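The chain contents come next:
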Amino acid sequence: MIRHRQDSIAGLIIDLVTGRGEVADVVWERIEPMLPQTDGRGRPWRDHRQVVNGVLWRLRTGAPWRDLPERYGPWQTVYERFARWEADGTWARLLEHVQVRDDAVGRVEWTVAVDSTINRAHQHANGARKRGPQAGDKLEDPGHSQARQALGRSRGGLTTKVHLAVDGRGLPLSIVLTPGNAHDATAFTQVLDEIRIPRITTGRPRTAPTRVLGDNAYSSRAIRHLLRRRGIAATIPERRDQVPNRRRRGSLGGRPPAFNKEIYRDRNVVERCFAHLKQFRAIATRFDKLATRYRAGVVLASLVLWLREPTR
C-alpha cells in the first residue's frame, strides 16, 4: 500500500513539473490569479513564475540564497518576494485556497492525526536580532531570543519542533512551531485551534475534526476534556504510568479511556507527511534565523503536497 502510494506520488511529480521541482503549467494556471499583481507601490510585478521556481529550488536544496542559479534571476529579488509574501500572508492564502477547494468537493478527510517532529537547526539559524527599537547595538537575552524564534537547546544542540495536524490523506491542515525542547501536549490546543477551512459559500469555517488520532504524548486529562467539550472523538492510547495512578484513585480515577487499535493504525499518515516534507532540505534542517521565514517554507512545502494529491 505504501509502496503503491509512493509510486503514484513519483508519477504525479513528473506530470506536475516542467523541470526538477518547478511549477507545471496546469498548477501555475491555478495559483497565478491569487498572486499579488502590484508591489504595493502601484508598479506591476513581473516574472512571478521565475521567482516561485527559485523559491522552490532553494527550499528543495537548502542552499544559501546567494547561491541561487542565475536562471531564477537575482537572488535578492527572489528572497525579497519570498519574505514579502510571507509577511502579507500570500503563501498562507495559497494553501488555504487548495484546502477550500478540496473541502468543497468532499475530499478532505476529517479524521485528523496530530504529531510533531524535531528538526535540527543549523548554526546560522541562531542569532536573530530583536525587532523594533534597540538600545544601542545590544542584542536581547539569547535565551529569550531563541525561544521567541522557536529554537530550543537540548543535548543535540539547537532544534525546532514542527507540530502538524493532517487530514486522513496525510495533508497538513495546521502548522505550529515551538522550540525543540517543548512537550507535544503544550502545543496541542494551538494546533487544534489553527485548523480552519472557510466555506466557498456562506457559513462559518470548518474548524472541528470528527476524530483526533494522537500518540500517548497527548494522553492527558486536559486534552481529553478539551476534545470531549468540543464534541471530537479521541483515539489516544493511555500512557503506562497513568494506568496505576488511575486505579489507585478507585472510583475517582474514572473509567479507562476508549481506545480502538484498528482506528489508531491510521495515525501513520502524519508520519508519512513528515517524511514527504523532509524531502525539502530547507525543512529537514533549519537555516532560517526567523521562525516566520521557516514556517513560510513549511507552508509552501505543504502547498506542494496538496497540489500533488491526485484528483479523484
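What counts as what
Residues numbered from 1 in each chain as written. Predicted model: local features only at pLDDT ≥ 70, side-chain atom pairs only at ≥ 80, totals over all residues. Heavy atoms only, no water. Helix = DSSP H or I, 4+ residues; strand = E, 2+ residues; numbered from the N terminus. Buried < 20%, exposed > 50% of the residue type's maximum accessible area, 1.4 Å probe, protein only. Salt bridge = Lys/Arg side-chain N within 4 Å of Asp/Glu carboxyl O. Pairing = 2+ DSSP bridges. Expected span 1.5 Å × (residues − 1). Contact = heavy atoms within 4.5 Å. Axes fitted to C-alpha atoms, helices over the stretch in contact; angles between N-to-C directions. Parallel < 35°, antiparallel > 145°, perpendicular 65-115°, else oblique. Nonpolar A, V, L, I, M, F, W, Y, C, P; charged D, E, K, R; others polar.

**Points about unusual backbone geometry**
Here comes step 1: Unusually for a residue other than glycine, Ala-150 sits at a positive phi of about 60°.
Here comes step 2: With respect to the helices, strands and loops of the structure, Ala-150 is situated in the loop between α6 (142-148) and β2 (152-154).
Here comes step 3: Ala-150 sits in the buried class, given a relative accessible area of 5%.

**Brief notes about the pattern of salt bridges**
Here comes step 1: Within this structure, the stated rule accounts for 16 salt bridges.
Here comes step 2: The salt bridge involving Arg-230 is made with Asp-193; its shortest N-O contact spans 2.9 Å. Of this pair, Arg-230 sits in the loop between α8 (221-229) and β6 (233-235) while Asp-193 is found in helix α7 (residues 188-193), placing the two residues 37 residues apart along the sequence.
Here comes step 3: With a relative accessible area of 37%, Arg-230 lands in the partly exposed category.
Here comes step 4: Owing to a relative accessible area of 45%, Asp-193 belongs among the partly exposed residues under this scheme.
Here comes step 5: In the salt-bridge network here, residues are joined through shared partners; they are Arg-101, Asp-102, Arg-107, Asp-167 and Arg-169.

**A word on the pairing of strand β1 (residues 111-121)**
A regular strand places its side chains so that they alternate between the two faces of the sheet.
Here comes step 1: Counted residue by residue, β1 has 8 buried out of 11 residues, so it is predominantly covered.
Here comes step 2: Summarising the sheet, β1 and strand β5 (residues 211-213) pair through 3 bridges and their orientation is parallel. Bridging from a neighbouring strand, Ala-113 pairs with Leu-213 of β5.
Here comes step 3: Inspection of the sheet shows β1 paired to strand β3 (residues 157-166) by 8 bridges, in the antiparallel sense.

**A look at helix α5 (residues 90-104)**
Here comes step 1: Over its 15 residues, α5 extends 21 Å from the first C-alpha to the last, a length consistent with the 21 Å expected when each residue adds 1.5 Å.
Here comes step 2: Thr-90, Trp-91, Leu-94, Leu-95, Val-98, Gln-99, Val-100, Asp-102 and Asp-103 are the residues of α5 that are buried.
Here comes step 3: Buried-residue contacts for α5 involve α2 (25-31), α3 (48-61), α4 (75-87), β4 (172-179) and α13 (291-308).
Here comes step 4: Once α5 finishes, Gly-106 follows within two positions and takes phi at roughly 80°, a positive value.

**What to know about the packing of α3 against α4**
Here comes step 1: Two numbers describe how α3 lies on α4: the axes approach to 9 Å, and their chain directions differ by 85°. Taken as axis vectors, α3 and α4 run roughly perpendicular relative to one another. In this structure, α3 contributes His-48, Val-51, Val-52, Gly-54 and Val-55 to the contact, and α4 contributes Thr-77, Val-78, Arg-81, Phe-82 and Trp-85.
Here comes step 2: Looking at the contact of α3 with α4, its residues break down into 6 nonpolar, 3 polar and 1 charged.

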